[in-house]
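# Residue-level structural notes
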Amino acid sequence: MSGLLQDLRYALRQLRKNPGFTAVAVIALALGIGLSTTIFSVFYNGVLNPFPYRDANRLTVILALDKDHGSENRAMFHLDDVAAFRQGNHTFDDIVAYSGWDVIYSRQSSSEPVHGCVLTPNAMGFWGVPPLLGRGLTEQDSEPNANPVAVLSYAYWQSMFNGDKAVLGTTMMLDGHARTVVGVMPKRFGLYGADLYIPIAWNRPEPSLAEAFDSPDPTYFFATGIIKRKVSLQTAAADIQVIAQALVPLHRQDYPEHFQMTAKPMNDVIVDDFKQTVTLLIAAVILLMLISSSNVASLLLTHHTARAREIALRAALGATRGRLIRQLFVESLVLGLAGCMVGCFLSYLGLRVVTLTPGLQVPGEADMSLNWPVLFFAVGLALLTTLFFGLAPALFAVRKDLRSSLQTTGVNVNTSSGGARLRAGLVVGQVAFSMLLLVFAGLMMRSFFAIIHFDPGINTQGLLGAEIHFPPHQYDSVENKRAFFDQVLPRIAALPGVTQAAVSFGVPLEGGPETDDVTIPGRPHDKHWMTRFDAVSEEYFPALGLRLLQGRLLSAADVASGSRVAVVNRTLVKSYFGDQNPIGQQIKFNVLDEIPKAPHDAYFQIVGVVNDYNNFGLQRSIMPQAFFPYTFTGVADRSLVVRTVVNPSLLVNNIRQIFASVDPNILLLHPGTVDDYLQNFEYMKPKFRLVSFGACAAIGLGLALIGLFGVMAYSVTLQTHEFGVRIALGAQAGNILGFVLRKGLLLVGSGILLGLLASALSVRIVKSQLWGVSAFDLGTFVLAPLALLATGLLACYVPARRAMRVDPMVALRQE
Amino acid sequence: MTEAGQPLIQIQDLTKVFYTDEIETHALSGVHLSINKGEYLAMSGPSGCGKSTLLSIIGLLDTPTNGRYFLNGKTVENLDFAERSRIRNQEIGFIFQSFNLIGDLTVYENVELPLTYRQKMPAADRKARVMEALERVGMAHRIRHYPSQLSGGQQQRVAVARALGGKPSILLADEPTGNLDSRNGEAVMELLQNLHREGATICMVTHDPRFARHAQREVHLFDGKVVAEEELKKLMQETNA
């Protein structure tokens with residue numbers, strides 16, 4: 001034990017004596033451990049353990065798969081269907097139902113939108129998270145005559161009530177009805193991203209379609225269960241299938257003709273895409289750790305080599321090889337633990353960045369912190385890498401010939417090909433791994449550039465979108481809606497910097513209503529023709545920058561009269577009419593027949609065709625779409641679209657004032673620019689991939705260059721005498737430069753070739769993360785090696801310059 | 001080649017001062033020296049007298065602080081690095097005390113090395129020169145060997161071949177027998193003598209009077225100055241006393 005302490009003391013002294021070596025080794029390890037720990041924390045906390053709920057690993061989402069379309073197109077069911085699943089199943093411990101509840105919170109001075117969530121009475125026990133303050137929702141709260149209550153989320157409690165504990169017992173006016181706050185949930189409980197939670201009885205009467213349109217109470221609910229232990233997902237799905245088949249006659253429209261109930265872990269449903277990205281990042285950080293470890297191994301090898309005489313002396317004085325290895329290994333261990341400590345700090349900073357980056361697709365309830373499993377991982381990683389980088393150089397150091405080591409000065413020892421080969425091999429490996437990371441990062445960069453330079457078909461700059469929430473029942477008629485928009489749209493359009501103001505159902509790119517099928521006289525079809533539609537004012541087309549390709553756009557007269565005319569996009573024409581002229585053709589949007597206050601059996605005459613734009617997000621195929629006058633019906637809330645030549649965000653207050661001057665109860669919700677939407681929802685994932693893979697690649701490249709520089713610098717030191725001889729024999733500076741660079745080029749080139757080969761073999765695994773670029777993108781496969789070659793040669797240039805400046809007199813005297 | 005009557009090397013009032021921190025060390029103080037073509041000169045003197053410094057300046061490995069140095073009638077003391085390298089490569093052949101062969105290169109490659117620095121020299125010419133030089137020193141049968149596989153004497157013969165390969169105007173030998181036993185030392189001296197007989201100009205630094213006697217002329221250095229033999233003896237006696 002005392003020997004071990006002695007080794008530890010000596011190790012600390014050695015590391016203190018060589019601050020440069022110690023700093024580089026610790027930084028190299030810390031960068032590797034830090035990034036690896038950050039990614040592991042994201043993986044562990046965000047993918048493996050993202051939820052704070054009881055039995056989170058058994059939470060299972062029930063879905064209905066449309067076998068004809070092959071997509072899980074129904075995740076929500078009528079409440080009584082979920083109740084039937086709950087009562088009739090044999091494979092779940094319990095099933096809960098929940099859904100959204102978007103209402104207005106009216107205060108004395110202002111009204112605010114609230115994103116609520118309704119929960120069935122068993123929810124609190126089901127999720128198993130006790131409240132932070134007060135109480136949770138109980139069975140009694142959902143009884144018919146119970147006092148209406150609400151439980152706040154932590155975030156809403158903080159933002160709306162400043163975390164005031166006196167909030168308990170407060171009455172909130174939600175959509176004109178009073179509710180008492182009875183509790184606050186803890187910080188991590190963020191189910192459905194809701195501001196507050198209210199109860200709903202399992203046996204509440206099913207609302208009619210008309211009631212559903214007039215009430216914030218949801219019709220459809222998510223169904224999530226806790227699957228019984230040792231029951232497979234397939235068994236659970238088959239169990240639910242039997243129940244669902246019996247429910248089809250009750251809710252025929254909810255179940256496709258050929259459907260199959262499926263059960264998926266909630267984890268997979270929520271974090272699926274994120275999981276793929278993080279899994280790839282795990283692979284990237286493994287490469288990074290290999291670079292980092294071999295970098296330190298290379299440094300240690302050099303360090304031990306320079307100490308060959310000391311090691312030989314110790315052996316001559318009686319130290320066994322085991323004792324020598326232990327001593328050198330203790331030094332590595334100290335380095336590893338120091339790297340681990342600095343790495344954990346870097347990881348802490350990295351996790352702060354991850355959690356504070358807006359829009360990053362990290363599950364909201366995940367606890368991205370340096371918890372015990374993550375710290376255990378960091379220490380384990382440090383020990384593992386210490387074994388890797390510490391043991392091989394130690395074994396190598398004690399293997400040398402004692403007599404020759406004792407005769408050396410320590411400077412030009414170990415010119416043996418074994419040590420040089422090992423160092424060169426480590427550097428080639430580092431360059432190869434770095435090449436692999438660079439190719440991955442390059443592909444992510446190309447993918448990111450592809451998406452940000454993608455033309456969505458509309459001009460997104462200066463385009464403001466916002467939802468308009470009307471008070472219940474007051475604006476359900478066409479006349480009232482038109483009267484409102486006739487007042488506000490001209491005033492908004494007259495604001496300085498505004499060029500167009502228009503009304504629509506949905507905000508551009510964020511989607512909008514769609515119909516499962518359309519009816520076109522003379523065009524029968526077997527499959528469903530899923531089509532988007534939007535109800536717009538005439539200024540909508542110039543506001544978005546849509547171009548007329550055929551026929552005419554909607555006119556002010558069309559909108560004023562609510563004419564049954566429609567403008568369609570090119571995809572609709574190609575999909576439904578082929579080469580035929582669509583102008584003058586009739587089209588019916590079948591879903592309108594199911595909406596109580598919408599015109600039924602309404603055919604719209606196609607009057608124009610506009611260019612396509614990405615109406616379902618940038619990364620999905622363009623759907624057939626139609627636009628008709630917003631005055632075709634008075635039902636539902638609407639959206640505002642404003643084209644500006646100034647910063648659109650500056651206009652939001654002015655628009656709110658215009659709304660308030662007409663009716664203060666009409667709210668402008670979630671105003672934002674389309675560019676912001678693109679940044680937060682379309683660009684964020686590619687950006688996260690770019691930044692994370694880019695960070696791995698940059699750190700990997702940096703470490704590989706440090707390794708290359710170290711080996712070349714050490715090689716130059718070893719060869720100082722040789723350079724002196726060469727210069728004495730007449731070598732010009734260029735000869736020496738070329739000699740060193742050729743040597744470096746051999747290492748870099750070998751690494752690049754190996755890395756390219758590995759990239760070509762493994763690049764398919766990142767294919768799912770790419771958009772708009774091939775996994776074998778030529779630009780990446782050319783530019784990445786060139787970049788590595790250039791930086792590699794730069795790393796060699798500094799030692800080469802030193803070699804050029806060797807004074808032959810001094811070098812020859814070293815002999 | 002020198003012009004008729006002109007020495008191959010002419011050094012006038014040469015000084016060399018080394019500056020380290022606040023100390024000035026006068027390694028050479030007003031040295032005058034001429035070496036004629038075909039001459040075999042030995043420079044001797046006690047340790048630290050400046051003979052190796054003078055040899056380095058003659059070999060253009062170092063520059064003088066003051067004074068003039070003419071090589072083949074051309075002043076060379078103020079040439080830039082590239083030009084000095086070119087002259088070293090073409091006009092001067094070095095033989096070092098510690099051989100200074102490159103361990104990673106074979107005997108052939110070591111001898112070829114200075115020739116590779118000459119631009120536009122055809123490979124066939126290089127090969128011919130290398131083999132000729134190795135033949136002259138009796139090492140042609142070891143062309144594929146590495147220095148570590150040779151004895152000290154053999155290594156020095158390879159070093160001599162390397163110096164000869166470039167067909168220099170002068171061979172500069174710095175203690176060429178210093179790392180050899182007496183038998184190998186004698187062999188190398190005999191080799192130099194043979195080369196001299198064949199017309200080579202040689203300037204050799206040695207502190208061993210036995211080997212200095214092989215030279216045609218002996219120059220004695222003491223405290224950075226060229227002194228006569230008798231004066232050297234007197235100075236040495238004074239120093240020892």
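Described below are features of the structure shown in this document. All figures in this text were calculated on a predicted structure; none of them were measured in a lab.

On to the overall build of chain A, then. For chain A, the helix and strand inventory stands at 24 helices and 24 strands. Principal axes of the C-alpha set define a box for chain A whose edges measure 100 × 60 × 50 Å. Per-residue burial for chain A yields a buried fraction of 54% across its 815 residues. In chain A, the proportion of contacts linking residues at least 24 apart, taken out of those at least 6 apart, comes to 81%.

This part takes up a nonpolar patch on the surface. A surface patch of nonpolar side chains, amounting to about 570 Å² of accessible area, comprises Met341, Val342, Phe345, Leu346, Tyr348 and Leu349 of chain A. By the secondary structure assignment, Met341 of chain A is in helix α10 (residues 321-356).

With 19 residues of chain B at the interface, the matching set in chain A holds 16 residues. When the two sides are added together, the surface that chain B and chain A hide from each other amounts to roughly 1700 Å², 62% of it contributed by carbon and sulfur. Of all residues in chain B, Leu61, Phe81 and Tyr117 of chain B bury the most surface against chain A, accounting for 33% of the area lost on that side. Here chain B is connected to chain A by zero salt bridges. Sort the elements by how many residues they give to the side of chain B that touches chain A and helix α2 (residues 81-91) of chain B lands first, with six residues. Looking at the side of chain B that touches chain A residue by residue, the class counts come to 10 nonpolar, five polar and four charged.

The subject of this paragraph is the packing of aromatic side chains. Residue and element names in this part refer to chain A. The tally for this structure, following the rule as stated, stands at 42 aromatic pairs over all chains. With centroids separated by 6.0 Å and ring planes inclined at 45°, the aromatic side chains of Phe448 and Phe449 adopt a geometry described as tilted. On the basis of relative accessibility, which here comes to 11%, the residue Phe448 falls in the buried class. Taking 5.8 Å as the distance between ring centres and 40° as the angle between the ring planes, the aromatic pair formed by Phe533 and Phe589 counts as tilted. With a gap of 56 residues between them, Phe533 in strand β17 (residues 531-536) and Phe589 in strand β20 (residues 586-589) connect regions that are remote in the sequence. Assigned by exposure class, Phe533 and Phe589 land together as buried. A connected cluster of aromatic rings, assembled from ring pairs, spans Phe51, Tyr53, Tyr98, Phe126, Trp127, Phe189, Tyr192, Tyr197 and Phe222. Over the aromatic face of Phe470 sits the side chain of Lys481, whose NZ or CZ is 4.7 Å from the ring centroid.

What follows covers helix α8 (residues 266-306) of chain A. An ideal rise of 1.5 Å per residue puts 60 Å on 41 residues; α8 of chain A measures up with 57 Å between its terminal C-alpha atoms. Of all bends in α8 of chain A, the biggest is about 75°, found at Asp272 of chain A.

What follows covers the sheet that holds strand β4 (residues 66-71) of chain B. Residues and elements named next belong to chain B. Taken in spatial order, the four strands of this open sheet run β2-β1-β4-β5, and their pairing is antiparallel. The two strands at the open ends of the sheet, each matched to only one other strand, are β2 (23-35) and β5 (74-75). Relative to β5, β4 is paired through two bridges, and the arrangement is antiparallel. Its bridge partner lying in β5, Phe70 is registered against Thr75.

Right, let's talk about the pattern of salt bridges for a bit. Inspection of every chain in the model, using the stated rule, returns 22 salt bridges over all chains. The residue Arg532 of chain A makes a salt bridge to Glu514 of chain A at a minimum N-O spacing of 3.4 Å. Remark: Glu514 of chain A occurs in strand β15 (residues 514-515) and Arg532 of chain A occurs in strand β17; sequence separation between them is 18 residues. Judged by relative accessible area, which is 4%, Arg532 of chain A ranks as buried. Given the relative accessible area of 31%, Glu514 of chain A is considered partly exposed. One salt bridge in this structure joins Arg86 of chain B and Glu83 of chain B, with 2.7 Å as the shortest N-O distance.

Residues and elements named next belong to chain A. Where burial is concerned, most of strand β22 (residues 625-629) is hidden: five out of the five residues are buried. Here β17 runs beside β22; their pairing, made up of five bridges, is parallel. What sits directly across from Arg532, in β22, is Gln625. Note that strand β19 (residues 565-569) and β22 share two bridges and pair antiparallel. Bridge assignment links Val568 to a residue of β22, and that residue is Ala626.

Applying the stated criterion across every chain yields a total of zero disulfides over all chains. Distance from the sulfur of Cys344 of chain A, which forms no disulfide, to the nearest cysteine sulfur (Cys340 of chain A) is 4.2 Å. A residue is classified by how much of its surface remains accessible, and Cys344 of chain A, at 13% relative accessible area, is buried. For Cys49 of chain B, which is in no disulfide, the shortest distance to another cysteine sulfur is to Cys203 of chain B and amounts to 12 Å. Using a relative accessible area of 1% as the deciding quantity, one classes Cys49 of chain B as buried.

For the rest of this paragraph, the subject is the sheet that holds strand β13 (residues 463-469) of chain A. The strands making up a sheet associate through backbone hydrogen bonding, with each pair oriented either parallel or antiparallel. Residues and elements named next belong to chain A. Taken in spatial order, the four strands line up as β14-β23-β13-β24 in an open sheet, and their pairing is antiparallel. With one partner strand each, in any of the chains shown, β14 (498-504) and β24 (667-673) form the two edges of the open sheet. For this sheet, the mean angle separating the axes of adjacent strands, direction not counted, is 20°. Here helix α14 (residues 478-493) sits on the sheet and contacts β13, β14 and β23 (638-644); the angle it forms with β14, its principal contact strand, is near 160°. Running over the sheet, helix α18 (residues 652-662) touches β13, β23 and β24 and is turned about 160° from β24.

Right, let's talk about unusual backbone geometry for a bit. Residues and elements named next belong to chain A. The backbone of Asp601 sits at a positive phi, close to 50°, despite the residue not being glycine. With respect to the helices, strands and loops of the structure, Asp601 is situated in the loop between β20 and β21 (603-610). With phi around 75°, Ala636 is a residue other than glycine that occupies positive phi space.

Let's shift gears to the side chain of Glu682 of chain A. Residues and elements named next belong to chain A. Tracing the backbone through its elements, the reader meets Glu682 in helix α19 (residues 674-682). Of the side chains with opposite charge, Arg620 lies nearest to the buried Glu682, which makes no salt bridge, at 7.2 Å. If near-sequence neighbours (up to four positions away) are discounted, Glu682 is found in contact with Ile451, Gly617, Leu618, Gln619 and Tyr677.

About the criteria used
Residues numbered from 1 in each chain as written. Chains lettered and ligands numbered in written order. Predicted model: local features only at pLDDT ≥ 70, side-chain atom pairs only at ≥ 80, totals over all residues. Heavy atoms only, no water. Helix = DSSP H or I, 4+ residues; strand = E, 2+ residues; numbered from the N terminus. Buried < 20%, exposed > 50% of the residue type's maximum accessible area, 1.4 Å probe, protein only. Contact = heavy atoms within 4.5 Å. Patch = residues over 30% accessible without salt bridge, like charges linked within 9 Å, V, L, I, M, F, W, Y side chains within 5 Å. Areas by Shrake-Rupley, 256 points an atom, 1.4 Å probe, with all protein chains shown as cover. Salt bridge = Lys/Arg side-chain N within 4 Å of Asp/Glu carboxyl O. Buried area = accessible area lost by both parts, 1.4 Å probe. Nonpolar A, V, L, I, M, F, W, Y, C, P; charged D, E, K, R; others polar. Phe/Tyr/Trp six-rings, centres within 6.5 Å; stacked < 30°, edge-to-face > 60°. Lys NZ or Arg CZ within 6 Å of the ring centre and 35° of its normal. Expected span 1.5 Å × (residues − 1). Bend = angle between axes of the 7 residues up to and from the residue. Pairing = 2+ DSSP bridges. Disulfide = S-S within 2.5 Å. Axes fitted to C-alpha atoms, helices over the stretch in contact; angles between N-to-C directions. Lys, Arg positive; Asp, Glu negative; His and termini not counted.

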